[in-house]
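Observations on chain architecture
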Amino acid sequence: MKIIHVAVLSVIGLATGCTSINSTSFDNMSSVYRQAVEEYGNNNILLNIVRASKDMPMSFLDMPSVIGTGQVTATAGVSATQSAGTNSVPPSITGGSLGLTVNNGFTFSQGSLDNAQFMSSFLKEIPLGVLGFRGTERLMPKAVTYSLLIESVEFHYNNAVVRRFNNDPLDPNYADFQQVLYTLIEAGLTVENATFKTPIGPAFESSHLSKSLDSWGAPVIDGLSKGSLSFEKVKVKGRELYQLTRNDVKTRACVNKFRSEQLMGNLLGESAFCQDTIMHPRTDEKYTSVIRNLIGNKAGNKTFEMVIGIRSPGNTFDFLGAVVNAQFGLNGAKEVMIQPSSSVIDSYNQHFKAPHALFKVYKNENISNPVASVSYKGVTYALSDDDDSYSKQVMEFMSTLISVAKIPGAIPQSPAVIVR
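Since we're looking at a predicted model, the values are computed, not measured.

Re the overall build of the protein chain
In terms of regular secondary structure, the protein chain is built from 10 helices and 17 strands. Relative to its full complement of 420 residues, the protein chain shows a buried share of 37%. Long-range pairs, those at least 24 residues apart, make up 70% of the contacts in the protein chain between residues at least 6 apart in sequence. Summed over its atoms, the accessible surface of the protein chain is roughly 23,400 Å², and 52% of this surface lies on carbon and sulfur atoms.

Given below as structure tokens:
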């Protein structure tokens, strides 16, 4: 018998191709990516809060770039060996191949934010205007936002500190701070852009005004046109003169004049009152005992200056670390609770009839579908998605603070780690 191997030149079927993944696959990949990035950010925030509770250095990572790839490759073909056969065995063709390959994935870079650009902003006092944010933070009760941002409240007289209230849950007098905070919220504590006028040079009579403009030249004319400079009428020894004035717009904290006087008498002076202040009906006054004590200890009609200390983003993480420590304190749990308000000024709180925890962490507990979950030094920490605390709102606010701290140059162009 003679076997003859012949290469088959006629191809029964040959197809090769490469096509993009279909839209369903792309949607699935995008959904998985979004979920991964969300968990990545939430876990990073929680991990640094836990580090702060342990007095350990904080460290932040960012994902500056993500490259997605996806394709479907199909191959099909035939190769054969032919036998000539014998009288008893007919000729035959054997062999063949068919293939289908699906490939998709993401390549992402992971950059460290542990650099001078990020830290210079992260450790700098948060701008006072953040108290007036108009993002989703506006939906939070003021007590939540202010608890995160305010470090202390001081009352001064003649540049001396009369009383200081520290926003520290580990401080034995923390309850006093909370009472002062609730009283200030009831008094309409907010921020506004106020114009402060500073006289420049001597005052002039109207007849000399045009001559003075010629000598001052273009800078003054430009300032007058932009509103940064103005002429104000002033009276000097009975004469009406014109005073060149610089107008500086500054953000400041203030309270409602009428509610402040109802709650705190003449404790604060005119400089503490908002420029636009309206009268609100009387509501909650149950938190004023500490303020009343201050009023009783001051002499006569003197007024105090109120100084509000604002945290840096880094200090806010330290505060939340202290909140975690208070929750798991050796002397018993002392969760930081946010009390409900009946104030028309803080109307959002009217939806809550009971106090809720500001930030609640579960340690070594099995939490289904957690908002964030991290393991640190053998201990698991998690945030629940469905408890009655303000943990999710706090996480969202902390994410905003980190984003604000990402000034140009904070995210390195060449990331330290590339994960494939």
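Focus: the nonpolar core
One finds Ile150, Phe155, Phe317, Leu358 and Phe359 to be the most contacted residues of the largest nonpolar core, which totals 71 residues. Look past the residues within four positions of Phe359 in its chain and what remains in contact with it is Leu46, Ile49, Leu320, Val323, Val324, Gln327, Leu383, Ser391, Val394 and Met395.

Details of unusual backbone geometry
A positive phi angle, close to 55°, is found at Asp55, a residue other than glycine. For Asn159, which is not a glycine, the phi torsion comes out positive at approximately 65°. By the secondary structure assignment, Asn159 is in the loop between strand 6 (150–157) and strand 7 (160–166).

With respect to the sheet that holds strand 14 (residues 362–363)
One open sheet accounts for 3 strands, arranged 14-16-15; its pairing is antiparallel. Looking along the sheet, the strands with just one partner apiece sit at the ends: strand 14 and strand 15 (372–376). Two strands pair when backbone bridges link them, and strand 15 and strand 16 (residues 379–383) are joined in this way by 5 bridges, in the antiparallel orientation. Note on strand 16: the bridge partner recorded for Ser373 is Ala382.

Some remarks on the confidence of the model for the protein chain
Per-residue pLDDT for the protein chain has a mean of 76; in total, 66% of the residues score no lower than 70. Here strand 17 (residues 417–419) stands out as the least confident element of the protein chain, with mean pLDDT 37; strand 16 is the most confident, with 95. Here residues 1–21 is modelled with pLDDT under 50, and outside its nearest four sequence neighbours on either side it reaches 36 contacts, counting other chains as well. Scored below 50 in pLDDT, residues 414–420 makes 14 contacts in the model with residues more than four places away or belonging to other chains.

Considering the side chain of Ser260
Mapping Ser260 onto the fold places it in helix 7 (residues 257–264). Not counting residues up to four positions away in its chain, the partners in contact with Ser260 are Ala187, Val255, Gly265, Leu268 and Phe273.

Overview of the pattern of salt bridges
By the definition in use, this model includes 9 salt bridges. The closest approach of N and O atoms between Asp248 and Arg246, which form a salt bridge, is 3.1 Å. One salt bridge in this structure joins Glu261 and Lys257, with 3.0 Å as the shortest N-O distance. Placement of both Glu261 and Lys257 in helix 7 is noted, with a separation of 4 residues, approximately one turn of the helix. Ionic contacts of the salt-bridge type, sharing partners, join the residues Lys257, Glu261 and Glu270 into one network.

Re the packing of aromatic side chains
Taken as a whole, this structure holds 8 aromatic pairs when the rule is applied. Judged by centre distance (5.3 Å) and plane angle (70°), the ring pair of Phe60 and Phe317 falls under edge-to-face. Pair noted here: Phe60 is in the loop between helix 1 (23–53) and strand 2 (61–77) and Phe317 is in helix 9 (residues 313–327), with a separation of 257 residues, a long-range link. Taken together, the ring pairs connect Phe60, Phe118, Phe122 and Phe317 into an aromatic cluster. Sitting over the ring of Phe328, Lys363 keeps its end group 4.3 Å from the ring centre.

Notes on the environment of Pro370
Of note, Pro370 is situated in the loop between strand 14 and strand 15. Given a relative accessible area of 30%, Pro370 falls into the partly exposed group. In this structure, the C-alpha to C-alpha distance between Pro370 and Ser384, residues 14 residues apart in sequence, is 4.9 Å. Setting aside its immediate chain neighbours within four residues, Pro370 contacts Ala382 and Leu383.

A closer look at the packing of helix 4 (residues 174–186) against helix 8 (residues 289–297)
Helix 8 packs onto helix 4 with a crossing angle of 90° between their chain directions and a minimal axis gap of 8 Å. Here helix 4 is positioned roughly perpendicular relative to helix 8, judged by the angle of their axes. Residues Asp176, Gln179, Val180 and Thr183 of helix 4 pack against Ser289, Val290 and Ile291 of helix 8. Of the residues belonging to the contact of helix 4 with helix 8, the class tally is 3 nonpolar, 3 polar and 1 charged.

Procedures and definitions
- Residues numbered from 1 in each chain as written.
- Predicted model: local features only at pLDDT ≥ 70, side-chain atom pairs only at ≥ 80, totals over all residues.
- Heavy atoms only, no water.
- Helix = DSSP H or I, 4+ residues; strand = E, 2+ residues; numbered from the N terminus.
- Buried < 20%, exposed > 50% of the residue type's maximum accessible area, 1.4 Å probe, protein only.
- Contact = heavy atoms within 4.5 Å.
- Areas by Shrake-Rupley, 256 points an atom, 1.4 Å probe, with all protein chains shown as cover.
- Core = buried A, V, L, I, M, F, W, Y, C linked by side-chain atoms within 4.5 Å.
- Pairing = 2+ DSSP bridges.
- pLDDT = per-residue confidence, 0-100.
- Salt bridge = Lys/Arg side-chain N within 4 Å of Asp/Glu carboxyl O.
- Phe/Tyr/Trp six-rings, centres within 6.5 Å; stacked < 30°, edge-to-face > 60°.
- Lys NZ or Arg CZ within 6 Å of the ring centre and 35° of its normal.
- Axes fitted to C-alpha atoms, helices over the stretch in contact; angles between N-to-C directions.
- Parallel < 35°, antiparallel > 145°, perpendicular 65-115°, else oblique.
- Nonpolar A, V, L, I, M, F, W, Y, C, P; charged D, E, K, R; others polar.

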